[in-house]
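Residues per chain are reported as follows:
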Amino acid sequence: MLARSIGRLRPNVARPLRQSALIGQVQGRKLSTLNKLEPRDVEHFATILPKTSILSTLPPIQGSADDLDPFNSDWMGKYVGQSQCVLKPRTTEEVSKIMKWCWERRIPVVPQGGNTGLVGGSVPIGSEVILNLSNMNNIRNFDPVSGILVCDAGCILESLSQFLAPHKHIMPVDLGAKGSCQIGGNVSTNAGGLRLLRYGSLHGTVLGLEVVLPDGRIMDQLTTLRKDNTGYDLKQLFIGAEGTLGVVTGVSILTPAAPIAQQAIFLALPSFATLPKVYRAAKHHLSEIISAFEYFDRQSYNLVSGHTGAKALDDSEIGDSQAFVLIETSGGDANHDEAKVNNLLEELYEGADDGEALINSGTLSQSAQQFASLWAFREGIAEAAGKSGKVYKYDISVPVSEFVNTTNRVRERVGNKVKEVVGYGHVGDGNLHINVIAETYTKEIEELLEPYIYEVVASHRGSISAEHGIGKMKPQHLHYSKDAVSIDLMKQIKQLFDERGIMNPGKVVPM
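Thresholds applied
Residues numbered from 1 in each chain as written. Predicted model: local features only at pLDDT ≥ 70, side-chain atom pairs only at ≥ 80, totals over all residues. Heavy atoms only, no water. Helix = DSSP H or I, 4+ residues; strand = E, 2+ residues; numbered from the N terminus. Buried < 20%, exposed > 50% of the residue type's maximum accessible area, 1.4 Å probe, protein only. Contact = heavy atoms within 4.5 Å. Areas by Shrake-Rupley, 256 points an atom, 1.4 Å probe, with all protein chains shown as cover. Lys, Arg positive; Asp, Glu negative; His and termini not counted. Charge placed at Lys NZ, Arg CZ, Asp CG, Glu CD. Core = buried A, V, L, I, M, F, W, Y, C linked by side-chain atoms within 4.5 Å. Pairing = 2+ DSSP bridges. Axes fitted to C-alpha atoms, helices over the stretch in contact; angles between N-to-C directions. Parallel < 35°, antiparallel > 145°, perpendicular 65-115°, else oblique. Nonpolar A, V, L, I, M, F, W, Y, C, P; charged D, E, K, R; others polar. Phe/Tyr/Trp six-rings, centres within 6.5 Å; stacked < 30°, edge-to-face > 60°. Patch = residues over 30% accessible without salt bridge, like charges linked within 9 Å, V, L, I, M, F, W, Y side chains within 5 Å. Salt bridge = Lys/Arg side-chain N within 4 Å of Asp/Glu carboxyl O. Arc of directions from axis to C-beta.

**Student:** I tried to follow the overall build of the protein on my own but got confused; where do I start?
**Tutor:** The helix and strand inventory of the protein stands at 17 helices and 16 strands. Across its three principal directions, the C-alpha atoms of the protein cover 75 × 55 × 45 Å. Taken over 511 residues, the protein has a buried fraction of 56%. A sequence separation of at least 24 residues applies to 75% of the contacts in the protein between residues at least 6 apart. Accessible area for the protein stands at about 20,600 Å²; split by element, carbon and sulfur atoms hold 49% of it. Taking the 50 positively charged and 56 negatively charged side chains of the protein as two groups, their mean positions are separated by 6 Å.

**Student:** How do you make sense of the nonpolar core when you look at a structure like this?
**Tutor:** When a protein is soluble and globular, its nonpolar side chains tend to lie buried together. Core analysis: the largest hydrophobic core is formed by 59 residues, its most contacted members being L267, F293, I327, L348, L449 and I453. Counting residues per element, this core draws most heavily on helix 9 (residues 275-286), at six residues. Not counting chain neighbours up to four residues away, the residues in contact with L267 comprise V278, A323, F324, V325, I327, L345, L348, I359, S361 and G362. By size, the runner-up hydrophobic cluster in this structure holds 56 residues, among which are I48, L157, I239 and A241.

**Student:** Got a minute to help me understand the sheet that holds strand 2 (residues 85-87) in this structure?
**Tutor:** Sheets are built from strands that pair by backbone hydrogen bonding, the pairs being arranged parallel or antiparallel. An order of 1-2-4-3 is seen for the four strands of this open sheet, with the pairing classed as mixed. Only two strands of the sheet have a single partner each, and these edge strands are strand 1 (54-56) and strand 3 (109-112). If you compare each strand with its neighbour and ignore which way they point, the axes differ by 20° on average. Judged from the four bridges that link them, strand 3 and strand 4 (residues 129-132) form a sheet pairing that is parallel. Following the sheet pairing, Q112 is matched in strand 4 by N132. Seen against the sheet, helix 3 (residues 92-105) touches strand 2, strand 3 and strand 4 and runs at an angle of roughly 165° to strand 4.

**Student:** What am I meant to see in the sheet that holds strand 8 (residues 218-221) here?
**Tutor:** A sheet is described by the order of its strands in space; here five strands give the open sequence 5-6-9-7-8, paired in antiparallel fashion. Looking at which strands have only one partner, the edges of the open sheet turn out to be strand 5 (139-143) and strand 8. Strand-to-strand twist across the sheet, computed as the mean angle between neighbouring axes with direction ignored, equals 10°. With four bridges connecting them, strand 5 and strand 6 (residues 148-152) associate as antiparallel partners. Residue pairing across strands places I139 opposite C151, the latter belonging to strand 6. Running over the sheet, helix 3 touches strand 5, strand 7 (206-212), strand 8 and strand 9 (247-254) and is turned about 45° from strand 7. On top of the sheet, helix 4 (residues 157-164) reaches strand 5 and strand 6; it is set at about 40° to strand 5, its chief contact.

**Student:** Before we go on, may I ask you to explain the packing of helix 10 (residues 298-308) against helix 13 (residues 368-388) in this structure?
**Tutor:** Packing of helix 10 against helix 13 brings their axes to within 8 Å, and their N-to-C directions diverge by 75°. The angle between helix 10 and helix 13 places the two elements in the roughly perpendicular class. Judged by residue contacts, S300, Y301, L303, V304, S305 and H307 of helix 10 engage F377, G380, I381, E383, A384, A385, K387 and S388 from helix 13. Looking at the contact of helix 10 with helix 13 residue by residue, the classes come out as seven nonpolar, five polar and two charged.

**Student:** So what exactly am I meant to see when it comes to the packing of aromatic side chains here?
**Tutor:** Remark: the centre distance and the inter-plane angle together describe each pair of aromatic rings, the angle taken between the planes. Applying the stated criterion to the full structure yields 16 aromatic pairs. With a centroid separation of 6.0 Å and an interplanar angle of 80°, the aromatic rings of F266 and F377 are classed as edge-to-face. Of this pair, F266 sits in strand 10 (residues 261-269) while F377 sits in helix 13, and the two are 111 residues apart along the sequence. Classification of F266 as buried rests on a relative accessible area of 0%. Centre to centre, the rings of Y392 and Y441 are 5.3 Å apart; their planes meet at 90°, and the pair counts as edge-to-face. With Y392 in strand 14 (residues 390-397) and Y441 in the loop between strand 16 (431-438) and helix 15 (443-449), the pair connects residues that are 49 residues apart, well separated along the chain. Since its relative accessible area comes to 11%, Y441 is described here as buried. Among the aromatic residues, ring-to-ring pairing joins F266, F296, Y301, F324 and F377 into one connected group.

**Student:** Hey, could you run me through a nonpolar patch on the surface in this one?
**Tutor:** A cluster of nonpolar residues, Y232, L234 and L237, forms a patch on the protein surface that exposes about 330 Å² of accessible area. In this structure, L237 sits in helix 8 (residues 235-238).

**Student:** Even after reading the chapter, I still don't get helix 4, so can you show me in this structure?
**Tutor:** An α-helix turns once per 3.6 residues; consequently, residues spaced three or four apart project the same way. Along helix 4, the residues classified as buried are L157, L160 and L164. Taken around the axis of helix 4, the buried residues stretch over an arc of 60°, which confines them to a single face. Looking at the buried side of helix 4, the elements it contacts are strand 5, strand 6 and helix 5 (183-189).

**Student:** For this particular structure, what's the right way to read the side chain of R195?
**Tutor:** Assignment of secondary structure puts R195 in the loop between helix 5 and helix 6 (196-199). As a buried residue without a salt bridge, R195 has its nearest oppositely charged side chain in D174, at a separation of 4.2 Å. Discounting chain neighbours no more than four positions away, the residues touching R195 are I170, M171, P172, V173, D174, G200 and S291.

**Student:** What exactly am I supposed to notice about the pattern of salt bridges here?
**Tutor:** Charged atoms that come close allow side chains of opposite charge to pair. For the structure shown, the criterion picks out 18 salt bridges. When the shortest N-O distance is used, the salt bridge between D152 and R140 registers 2.7 Å. With a gap of twelve residues between them, D152 in strand 6 and R140 in strand 5 connect regions that are remote in the sequence. Across the salt bridge formed by K417 and E444, the nearest N and O atoms sit 3.1 Å from each other. Here K417 is found in the loop between helix 14 (403-414) and strand 15 (420-426), whereas its partner E444 is found in helix 15, with 27 residues between them in sequence. For K417, a relative accessible area of 44% puts it in the partly exposed group. When salt bridges with common partners are traced through the structure, they connect E38, R40, D41 and R105 into a single cluster.

Structure, rendered in structure tokens:
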């Protein structure tokens, strides 16, 4: 049972500006090869945008630097830029005119959505112009028959979900930062999230894109076709490119029908060792209705409980449980789904092979409020970590069997130099999140963690970035996941689209 209702926890993107010791040197093409913004550039931007859509410390606007702070800093306060100008276009044509000018003047540009990223991909390294798409928030079209939605890149994910609800459809991607993140940023980072197990990645659900290229040309591939076998699928290059190849301004996406019946199942496991058996049993019994399978360790549970005062289960029910699972089901018939869930729970309590119970206890949501509360407990881990200190976040793909071993190796590595290490993630796609919580960001802790964590990942042929992207944080570590040929091809693609290197310089591709 729930001790009390748990409110939705969302990251606050408007954090105070803080200098970080981790900015370091620009990775890739040096900003010194590009031109700095001048007053004449701001004056030209004012011929494209109304002055209310421009924030700048340079004339003729010349506002306060404080107004730029939320755009110059990521929400963790880890990455901080020194941009003197934020532009907020309202249309694709305005983006095109801005990019054409910046291309001709060789002025670097950082595309920015909700700025909820975790690897520094959406904030400047130096004084790049910030192209913030928050004013591009129109829904262009929705077809209730096909479920295809066409919208501006600046639409907030939760707003899109609210728009679709009366049409009985949902967004195929769901994130803890849904109240702040924008669909263009989701696409540009290939965000995974909580529904990937059921609906797949954005590489499959995005049907078309509208992209402004670095030189200002508009690539209109905003198709609503589910089948289009006419040569190279160019849109795929921009999904996960983090704004290094162009600016995504429009998205066409396939939205699934909303489930009629949903249920959340919260389980306490005696140890991580039983988790693979629980997952196999869940897949067997729940089959087509399973939509999420989330894991978190005891440290994560204690962190959220301590931060919110909430409990997903009574202490007596949890006992010495070391692992927790949140399963979501989404189906079309509540009675049918309930029967499947009951069969699963029967096996979990009785044990599949040796008669030993696979779980200590559990609870089922009995209302929409309880459903949201159980999910809020899982989604609250990141915020609870952020409230506890400065967080080193690692988003990796390793075999599910290695989740706890990988987390424990990190704990042993950092010892008492940090406050806590928590592990949680998406079992259905092998995505483990490790949060290392420290008093402050220091070079000593960073050097303990990197490249150690990436070496561990490489030993399992895993990925150093499962869903957060590469950003500023990881270009120098890309070789742990990509071979030399792959990295060389990535560099060639970057050169083809952006030979002047103005698009989000220093991100993703090591140069």
